[in-house]
Amino acid sequence: MRLFTCSPDRKIGIAAPLSAAIWLIFLVIGSSAWAAERADRHSIAAGIDLGRYHALIIGNNDYANLPDLKTAVSDAAAVAKMLVSKYGFKAHLLLNANRDQIRREMSKLRATLAEVDQLLIYYAGHGTLDETTNTGYWLPVDAEEDNDINWIANDTLTRYLK
């Protein structure tokens, strides 16, 4: 399985998930060449299994212990709709997801995706960077600002889905 994520050196602040979202949207929408290349691969490689295209799409607005966001859920829903209708992805959409729900969905994907399958991950919600360890984290709806028990580390996501 291939994993598409934002560059790990991007610094995403607690209230600024937009930079990752914009980068990922550009990757998918801004590259019509990507769609053309995919179509060409399918026509050229008849009989070769190129895998299925999946997207794990998470949008979190309603936080228990952090400021709520306004557009993460609607942004995630719009991305899911676009990926399904224009690019043929199977979308796994999580809205206002806590740590357990995100990890369970990732576990299901890990168990069902084949080596040749493609996985795109889109996350819209709070995130933070621990500057001491240079580790980025997603903050699910049950996260607390000063307690990392429910945070999800970016490098954990990458290792988990390899």
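In what follows, the accompanying structure is described. (Residues numbered from 1 in each chain as written. Predicted model: local features only at pLDDT ≥ 70, side-chain atom pairs only at ≥ 80, totals over all residues. Heavy atoms only, no water.)

Once that is clear, we can look at the pattern of salt bridges. One pass over the structure, following the stated rule, counts four salt bridges. The closest approach of N and O atoms between Asp 155 and Arg 159, which form a salt bridge, is 3.6 Å. Pair noted here: Asp 155 and Arg 159 are both in helix α5 (residues 154–160), with a separation of four residues, about one helical turn. What makes Asp 155 partly exposed here is its relative accessible area of 40%. For Arg 159, a relative accessible area of 52% translates into the label exposed. (Salt bridge = Lys/Arg side-chain N within 4 Å of Asp/Glu carboxyl O. Helix = DSSP H or I, 4+ residues; strand = E, 2+ residues; numbered from the N terminus. Buried < 20%, exposed > 50% of the residue type's maximum accessible area, 1.4 Å probe, protein only.)

Looking now at the nonpolar core. Note on soluble globular proteins: their nonpolar side chains tend to be buried together. Counting 39 residues, the largest nonpolar core has Leu 56, Ile 57, Leu 83, Ile 102 and Trp 138 as the members making the most contacts within it. Element by element, the count of residues in this core is highest for helix α3 (residues 72–87), at seven residues. (Core = buried A, V, L, I, M, F, W, Y, C linked by side-chain atoms within 4.5 Å.)

Let's shift gears to the packing of aromatic side chains. Evaluated as defined, the whole model comprises three aromatic pairs. Ring centres of Tyr 53 and Phe 89 lie 5.5 Å apart, and the angle between their planes is 70°; this geometry places the pair in the edge-to-face category. With a gap of 36 residues between them, Tyr 53 in strand β2 (residues 53–59) and Phe 89 in the loop between α3 and β3 (90–95) connect regions that are remote in the sequence. Summarising the burial analysis for this pair, Tyr 53 and Phe 89 share the class buried. Between Tyr 123 and Trp 138, the ring centres sit 4.5 Å apart and the planes meet at 5°, which makes this aromatic pair stacked. Placement of the pair is Tyr 123 in strand β4 (residues 118–124) and Trp 138 in strand β6 (residues 135–138), with a sequence separation of 15 residues. Here Tyr 123 matches Trp 138 in class, with each residue buried. (Phe/Tyr/Trp six-rings, centres within 6.5 Å; stacked < 30°, edge-to-face > 60°.)

Moving on, we come to the sheet that holds strand β5 (residues 127–130). Strands sit in the order β5-β6-β7 across an open sheet of three strands; the sheet is antiparallel. Either end of the sheet is taken by a strand with one partner, and the two such strands are β5 and β7 (152–153). (Pairing = 2+ DSSP bridges.)

On to the side chain of His 54, then. By the secondary structure assignment, His 54 is in strand β2. Of the polar contacts made by the side chain of His 54, one reaches the side chain of His 92; its length is 2.9 Å. Among all residues touching His 54, those that are not within four sequence positions of it are Phe 89, Lys 90, His 92, Leu 113, Asp 117, Gln 118, Leu 119 and Leu 120. (Polar contact = N/O pair within 3.5 Å; in protein donor to acceptor, adjacent residues only side chain to side chain. Contact = heavy atoms within 4.5 Å.)

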